[in-house]
Amino acid sequence: MTIGKWIGGFLGFINAGPLGALAGIALGALFDMGLDRINQPGTNSENINNAYDNNDFSPTGNRQNTSNYYEGQRNSFLFSLLVLASYVIRADGRVMHSEMETLRHFLRNNFGRLAVEQGEQIILNLFEQQKHIGLHQFREIIHKSCIQISKNMDYSQRLQLLNFLTMLAKADGQVVVVEIEALRNIAIWMGLNATEVDTMLNLKKDDINSAYKVLAVSPSATDEEIKKAYRKMALEHHPDRVAALGEDIRLAAEKKFQEINEAKERIYRSRGLS
């Protein structure tokens, strides 16, 4: 990581758009430092921007620009996670002490100690901005931010982002109706299916019906339909699909992948499949 920060250096697609505006408020000097790095002498920012537009990162391309791109994608992913988390946490119009403890626990377990201090400060700044402009206007910014995310992250990365949000919502042992509604809104705004939320909320339950819900299939589905559904989900949620975003994100993604496999094993055992 650059400059010793959890989020730092090149900030990727959050340099612009609604996420860029929030980053300017929430990251402050750190955000400015990221912009300075992009524009400092010797850094070909035009090539970097073209790389974002063209997705041209072949091994024969500019290695520095490629590194900058992946750093930017990682930091954009992490900041987007905190922005959307601030919306989910305040979905009921308030922030409870237990919710902040849940956030700290989530950040520490998934991204390490450094993420707790910086992540908490960023999300507190986002809460202040939400109070300043009002819930309705902040909701519109979240909507536009999700559209920005959908244009800059591939499907698997957006799925993992939604998965982290559902993990956060479940961390205190309960998910209230307003949180579920917020998660479904985010899923739709990011170009995903709202049913993905229901699938993710059923992870880690031991009964067979929950296992079927994890794979988004009916208990009456054929064996071949079960296998097809598992292959599709395993491909979409494989940790390697987000490996370019950093080792901490890939390791966190392994938790969901393991839970999907456990659900599959329960179904296969009940049906005598191999």
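Refer to the preceding data block for the structure.
Numbering of residues starts from 1 in each chain and follows the order in which that chain's sequence is written. pLDDT decides what is reported in this predicted model: residues at 70 or higher carry local features, side-chain atom pairs at 80 or more are listed and counted, and totals for whole chains, interfaces and linings draw on all residues regardless. Only heavy atoms go into the side-chain values, all of them from the structure, while hydrogens and water stay out.

Engineer: Kindly report on the overall build of the chain, identifying the contributing residues and their values.
Structural biologist: Working definition: helices are DSSP H or I runs of at least four residues, strands are E runs of at least two. Numbering for both runs from the N terminus. Looking only at helices and strands, one finds 13 helices and 0 strands in the chain. Secondary structure elements of the chain occur, N-terminal to C-terminal, as α-α-α-α-α-α-α-α-α-α-α-α-α. For the exposure calls, accessible area comes from a 1.4 Å probe over protein chains only, and a residue counts as buried if that area is under 20% of its type's maximum, exposed if over 50%, partly exposed in between. A buried classification covers 51% of the 274 residues belonging to the chain. Taking all contacts inside the chain whose residues are at least 6 apart in sequence as the whole, residues at least 24 apart take part in 71%. Taken as a whole, the chain presents about 13,000 Å² of accessible surface, with 50% of it coming from carbon and sulfur. In this description, contact between two residues means that some pair of their heavy atoms is separated by no more than 4.5 Å. Areas reported as accessible are Shrake-Rupley estimates using a 1.4 Å probe. Residue values count occlusion only from the protein chains shown.

Engineer: If you had to explain the packing of helix α12 (residues 223-236) against helix α13 (residues 247-271) to someone new, which residues and values would you point to?
Structural biologist: Look at α12 against α13: their axes get within 11 Å of each other, and the N-to-C directions meet at 170°. By the criterion of interaxial angle, the relationship of α12 to α13 is roughly antiparallel. Seen from α12, the contacting residues are Asp223, Ile226, Lys227, Tyr230, Met233 and Ala234; seen from α13, they are Phe257, Ile260, Asn261, Lys264, Ile267, Tyr268 and Arg271. Think of it as three bins: nonpolar holds Ala, Val, Leu, Ile, Met, Phe, Trp, Tyr, Cys and Pro, charged holds Asp, Glu, Lys and Arg, and polar takes everything else, Gly as well. Grouping the amino acids of the contact of α12 with α13 by side-chain chemistry returns 8 nonpolar, 1 polar and 4 charged. A fitted line through C-alpha atoms serves as each axis, taken over the contacting stretch for helices, and the angle formed by two N-to-C directions is quoted from 0 to 180°. Oblique is the label for any angle not under 35 degrees, not over 145, and not in the 65 to 115 range, which are roughly parallel, roughly antiparallel and roughly perpendicular in turn.

Engineer: Explain the packing of aromatic side chains residue by residue, including any values.
Structural biologist: Two aromatic rings, drawn from Phe, Tyr or Trp (for Trp, its six-membered ring), form a pair once their centres lie within 6.5 Å of each other, and the interplanar angle then sorts them: stacked below 30 degrees, edge-to-face above 60, tilted otherwise. Evaluation of the coordinates by the stated rule reveals 7 aromatic pairs. Each ring, one from Trp6 and one from Phe111, has its centre 5.6 Å from the other, and the planes form 50°; the classification is tilted. Remark: Phe111 occurs in helix α5 (residues 97-111) and Trp6 occurs in the segment before α1 (17-26); sequence separation between them is 105 residues. Considered together, Trp6 and Phe111 belong to a single accessibility category, that of buried residues. With a centroid separation of 6.1 Å and an interplanar angle of 80°, the aromatic rings of Phe77 and Phe164 are classed as edge-to-face.

Engineer: Residues and numbers for the pattern of salt bridges, please.
Structural biologist: Whenever Lys or Arg places a side-chain nitrogen within 4 Å of a carboxyl oxygen from Asp or Glu, that contact is recorded as a salt bridge. A complete count under the given rule lists 10 salt bridges for this structure. A salt bridge links Arg184 to Asp198; the shortest N-O distance between them is 2.6 Å. Of the two residues, Arg184 is situated in helix α9 (residues 177-189) and Asp198 in helix α10 (residues 195-201); the sequence distance between them amounts to 14 residues. Residue Arg184 is classed as partly exposed on the basis of its relative accessible area of 30%. Arg250 is paired through a salt bridge with Glu254; the nearest N and O atoms lie 2.6 Å apart. Of this pair, Arg250 and Glu254 both sit in helix α13, separated by 4 residues, roughly a single helical turn. Look at Arg250 and you get buried, because its relative accessible area is 17%. Ionic contacts of the salt-bridge type, sharing partners, join the residues Glu101, Arg104 and Glu120 into one network.

Engineer: Pulling in residues and values, what's your account of the side chain of Thr166?
Structural biologist: Within the secondary structure layout, Thr166 lies in helix α8 (residues 155-170). Judged by relative accessible area, Thr166 falls into the buried class, the value being 0%. A distance of 2.7 Å separates a polar side-chain atom of Thr166 from the backbone oxygen of Asn163. Leave out the neighbours within four places in its chain, and Thr166 touches Leu183, Met200 and Leu201. Here a polar contact means two N or O atoms within 3.5 Å. Within protein one must be a hydrogen donor candidate and the other an acceptor candidate, and residues neighboring in sequence count only if both atoms are side-chain atoms.

Engineer: Could you give an account of the nonpolar core, naming the residues involved and the relevant values?
Structural biologist: Take the buried residues of types Ala, Val, Leu, Ile, Met, Phe, Trp, Tyr and Cys, join any two whose side-chain atoms come within 4.5 Å, and each joined set is a nonpolar core. Ranked by size, the top nonpolar core spans 63 residues in total, and within it Phe79 and Phe111 carry the most contacts. Of all the elements, helix α4 (residues 63-89) adds the most residues to this core, at 11 residues. Looking at which domains feed residues into this core, each of domain 1 (18-30 + 75-202) and domain 2 (207-271) supplies at least three. Those residues in contact with Phe111 that lie beyond four places of it in its chain are Trp6, Leu78, Leu81, Phe106, Phe164, Asp248 and Ile249. Tyr230, Met233, Ala234 and Leu273 belong to the second largest nonpolar core, which has 17 residues in total. For the domain bounds, the source is a domain assignment made automatically or taken from a database.

Engineer: I'd like a description of the packing of α8 against α9, backed by residues and values.
Structural biologist: Orientation of α8 relative to α9, taken along the N-to-C sense of each, is 175°, at an axis distance of 11 Å. Taken together, α8 and α9 sit at an angle that is classed as roughly antiparallel. Between α8 and α9, the residues in contact are Leu162, Leu165, Thr166 and Ala169 and Glu179, Leu183, Ile186 and Ala187, respectively. Split by residue class, the contact of α8 with α9 holds 6 nonpolar, 1 polar and 1 charged.

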